[in-house]
Amino acid sequence: MLIGFAVVAVLMPVFFGGSPLFTWTTAAVWVLFAMSTSVLFGWTGLLSFGQAAFFGIGAYTMALIHENRPETPGLVMLLAAALVAAVVAAVFALFALRTSGAEFAILTLVLAQVLWLLTYRVSWLKGEDGFHGLFSVNIISNPLTSDLDLWYYTIAVVGFCVWLLWLLHRSTAGMAMRAVRDDPWRSAALGINVRRVQVCAFAVSAALSAVAGALLAQGQGVVSPGMLSFAISGEILVACLIGGMSRFGGPILGAIVLIWSQTLISNLLHDSSMFVGLLLLVIVIALPQGLVSLPGRVRNRRRASGPPSIPPAPTGSLADESVPDGSPVSAGDEEALR
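The model shown is predicted, which means the values in this text are computed figures rather than measured ones.

Thresholds, definitions, all that
- Numbering of residues begins from 1 in every chain and follows the order in which that chain's sequence is written.
- Restriction of local features to residues with pLDDT of at least 70 applies here, the model being predicted, together with a cutoff of 80 or more for giving and counting side-chain atom pairs; totals for whole chains, interfaces and linings are based on all residues.
- In computing side-chain values, all of the structure's heavy atoms are included and hydrogens and water are not.
- By definition, no residue in a patch forms a salt bridge, and every one has over 30% relative accessible area; like charges are joined within 9 Å, nonpolar side chains (Val, Leu, Ile, Met, Phe, Trp, Tyr) within 5 Å.
- A 1.4 Å probe and the Shrake-Rupley method give the accessible areas. Residues count as covered only by the protein chains that appear here.
- We define a salt bridge as a side-chain nitrogen of Lys or Arg found within 4 Å of a carboxyl oxygen belonging to Asp or Glu.
- Strands here mean DSSP runs of E at least two residues long; helices mean DSSP runs of H or I at least four residues long; both are numbered from the N terminus.
- In what follows, residue pairs with any heavy atoms lying within 4.5 Å of each other are defined as contacts.
- Given a helix with a known number of residues, its expected span is that number minus one, times 1.5 Å.
- Each residue is assigned to one of three classes by its accessible area relative to the maximum for its type, calculated with a 1.4 Å probe on protein chains only: buried under 20%, partly exposed between the two thresholds, exposed over 50%.
- Put simply, two rings from Phe, Tyr or Trp (the six-membered ring, in Trp's case) pair if the centres are within 6.5 Å, and we call them stacked under 30 degrees between planes, edge-to-face over 60, tilted for the rest.
- One axis fitted to the seven residues ending at a residue, another fitted to the seven starting there: the angle between these axes is the bend at that residue.

Caption draft 1: Structural view of a nonpolar patch on the surface. A contiguous nonpolar surface patch, about 730 Å² in accessible area, is contributed by Leu 268, Leu 269, Met 274, Phe 275, Leu 278, Leu 281 and Ile 285. Looking at the nonpolar patch, the element that brings in the most residues is helix α12 (residues 273–286), giving five residues.

As structure tokens, then:
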């Protein structure tokens, strides 16, 4: 996993620069956001319509720290954003997980909308104007001064976080999450504390979503209430569905396809939202299991269209057979054998 991200980090600046490299940087942030959403939606089976709440918490936490202590290293801002979001998510989950299914999803939507309204009601969150000029972010002691520096910094953080998720996915805790997703009652009968697993999954998902939000704020230099909107929550769920959640890397592929389809179509058409939606709708309908299921579907189709198998040759009558000593079987013996 780490080698793969290292190769991507080295090769992308060779083939892309300027605006395309910045688009890849944004796609990397959305990769982390999609993977963190998959922890909740794909691994644990908890549907959240308010994942943008933690994405925005991370961005606003980073902005507030930058405004009051601009000399704070960028990595420390990311850790603070993750901690704040994890605490908020854990406290919220302790109450919200008394419900399940659609009720839980609606509660997450309510949380996101409440936080969105607070950005307009609380004066030090600066309302619709938000925060601007967050470009002078220091990484340890050196500031981010170019798109190339931002790319290396972003892909390093995203690669490390995805690697941590890979370890979690393969651990007993990750297996417990998937067991709770498949059958919570049987999981409880096997001794798994279902509520604790769900709360931990919610906290992990929120923490990494906040890291993604803080990364985006550091890269774009702007934080606004739009980062808490329902549209962001909907888009990240669509990214997970596009890529597919049957494989670990499905959300990674879905996030890249979503960002690049938006970028390419917006360059060709003035009003691209409808066409992006239609493209994603076609992908989801044609591939219900996501883009990661495409190679398997191609292999199955090739097998189905291959040459038909030759049936075995029919056996003759028993009169043509011989007994073990080599003598032929008579008609009477054949009737007895039948």
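What follows picks up the thread again.
Caption draft 2: View of the environment of Leu 46. Structurally, Leu 46 is set in the loop between α2 (19–43) and α3 (52–68). It is 9.2 Å that separates the C-alpha atoms of Leu 46 and Ala 201, two residues lying 155 residues apart in sequence. Here Leu 46 is in contact with Leu 40, Phe 41, Leu 97, Phe 104 and Gln 198, once residues within four sequence places are set aside.

Caption draft 3: The arrangement of helix α4 (residues 74–96) in detail. With 23 residues, α4 extends 32 Å between its outermost C-alpha atoms, agreeing within 8% with the 33 Å of an ideal straight helix rising 1.5 Å per residue. For α4, every residue scored as buried is listed here: Gly 74, Met 77, Leu 78, Ala 81, Ala 82, Ala 85, Ala 86, Ala 89, Phe 92, Ala 93 and Ala 96.

Caption draft 4: The side chain of Thr 25, seen in detail. With respect to the helices, strands and loops of the structure, Thr 25 is situated in helix α2. Among residues more than four places away in sequence, those in contact with Thr 25 are Leu 150, Trp 151 and Thr 154.

Caption draft 5: Structural view of the packing of aromatic side chains. For the coordinates displayed, the defined rule picks out 12 aromatic pairs. Between Trp 166 and Phe 248 the ring centres are 5.1 Å apart and the planes differ by 75°, which places this aromatic pair in the edge-to-face class. Taken as a pair, Trp 166 in helix α6 (residues 147–170) and Phe 248 in the loop between α10 (230–243) and α11 (250–268) lie far apart in primary sequence, 82 residues in all. Look at Phe 248 and you get buried, because its relative accessible area is 12%. An aromatic cluster is defined as three or more aromatic residues linked by ring pairs; in this entry it consists of Phe 54, Phe 92, Phe 104 and Phe 202.

Caption draft 6: Region of the structure containing α2. With 25 residues, α2 extends 34 Å between its outermost C-alpha atoms, agreeing within 8% with the 36 Å of an ideal straight helix rising 1.5 Å per residue. Of all the bends in α2, the largest measures some 35° and sits at Thr 37. Of all the 25 residues making up α2, 21 are buried; the element is thus mostly covered by neighbouring parts of the structure. Backbone geometry just downstream of α2 places Gly 45 in the positive-phi region, at approximately 80°.

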